[in-house]
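# Inside the fold
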Amino acid sequence: MKIKYFLLAALLVVLDQLTKLLAHEYLGVGASVDITPFFSLSFAHNYGAAFSFLADQGGWQRYFLSAISVIASITIGVWMIKISTQYQFKLISLTLILSGAIGNMIDRVVNGFVVDFIDFHYQGFYWPIFNFADIFISIGVVMLIIADWKK
C-alpha cells in the first residue's frame, strides 16, 4: 500500500509550507531572532538553488529551477510507484526527497523565491540559511545512498 508514502509526502509539504508561513508572519523579511549562541531564526528569500547557487542570475533561474523540480518530482513519484514495497527504507528516503522538492517548488512558482529561515552559525562562520524542505531532501538523499549501498 504505497499511498501512505504519498500521504506522508503531502503531510511533510504542508509542514514545510506552514513553517515558512509562520516564519514570514512572525519574523518578516530580513529579520533575525537569536535562539541560542549558534542558532537563529533568520527570514530570507533565496532566489537560487542550494546555497543560493544561481541567485544573482536575473530571474530566469526561477523558471529553470521550477522545471527541474517538476521533472524531479514526477521522476521520483514514478520511481516510488514502480519500486517494491519490500524496500521501505528506500521508499521513505524517496518520500522525503519528493516532499522537499515539492515544498521548494511551491515557493518558487508562487513567490519566485524559496523562503529560508533556519540559521546556524558559530564564531563568524555562517552555514547557509535553509528550511524544512532542504532538511527533508538532505536526509532523504543520505538515506537513499545508504539504501543503495546496502545492496
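Residues numbered from 1 in each chain as written. Predicted model: local features only at pLDDT ≥ 70, side-chain atom pairs only at ≥ 80, totals over all residues. Heavy atoms only, no water.

### Things to note about the UniProt feature "active site" (unreviewed entry) in the protein chain
Feature annotation in UniProt assigns "active site" (unreviewed entry) to the following positions: D116 and D134. Across 19 residues in sequence, these annotated residues keep their C-alpha atoms within 9.0 Å of one another, forming a single compact spot. Mapped onto the secondary structure, D116 falls in strand β3 (residues 114-122). The contacts of D116, once residues within four sequence positions are left out, are S42, F43, A44, N46, I129, F130, N131 and D134. Among the secondary structure elements, D134 is positioned in helix α4 (residues 132-149). Take D134: its relative accessible area is 22%, and that puts it in the partly exposed class. Look past the residues within four positions of D134 in its chain and what remains in contact with it is N104 and D116. (UniProt positions renumbered as here; feature names shortened; annotations may be inferred. Helix = DSSP H or I, 4+ residues; strand = E, 2+ residues; numbered from the N terminus. Contact = heavy atoms within 4.5 Å. Buried < 20%, exposed > 50% of the residue type's maximum accessible area, 1.4 Å probe, protein only.)

### As for the sheet that holds β3
Sheet architecture is open: 4 strands sit in the order β1-β2-β3-β4, paired in antiparallel fashion. Of all strands in the sheet, those with a lone pairing partner are β1 (32-36) and β4 (125-126), marking the two edges. (Pairing = 2+ DSSP bridges.)

### Quick word on the pattern of salt bridges
Counting across every chain of the model gives 3 salt bridges. The salt bridge involving D16 is made with K20; its shortest N-O contact spans 2.8 Å. Residue D16 and its partner K20 are located together in helix α1 (residues 3-26), separated by 4 residues, close to a single helical turn. On the accessibility criterion, D16 (0% relative accessible area) is buried. A relative accessible area of 4% places K20 in the buried class. Salt-bridge contacts for D148 lead to K90; the nearest nitrogen and oxygen are separated by 2.6 Å. With a gap of 58 residues between them, D148 in helix α4 and K90 in helix α3 (residues 88-111) connect regions that are remote in the sequence. Residue D148 is classed as partly exposed on the basis of its relative accessible area of 33%. In this structure K90 comes out as buried when scored by relative accessible area, which is 9%. (Salt bridge = Lys/Arg side-chain N within 4 Å of Asp/Glu carboxyl O.)

### Regarding the UniProt feature "transmembrane region" (unreviewed entry) in the protein chain
In this structure's numbering, the residues bearing the UniProt feature "transmembrane region" (unreviewed entry) are residues 63-81, 88-106 and 126-147. Across residues 88-106, the secondary structure splits into 100% helix and 0% strand, with the terminal C-alpha atoms separated by 27 Å. In the segment residues 126-147, helix accounts for 73% and strand for 5%; the C-alpha atoms at its two ends are 31 Å apart.

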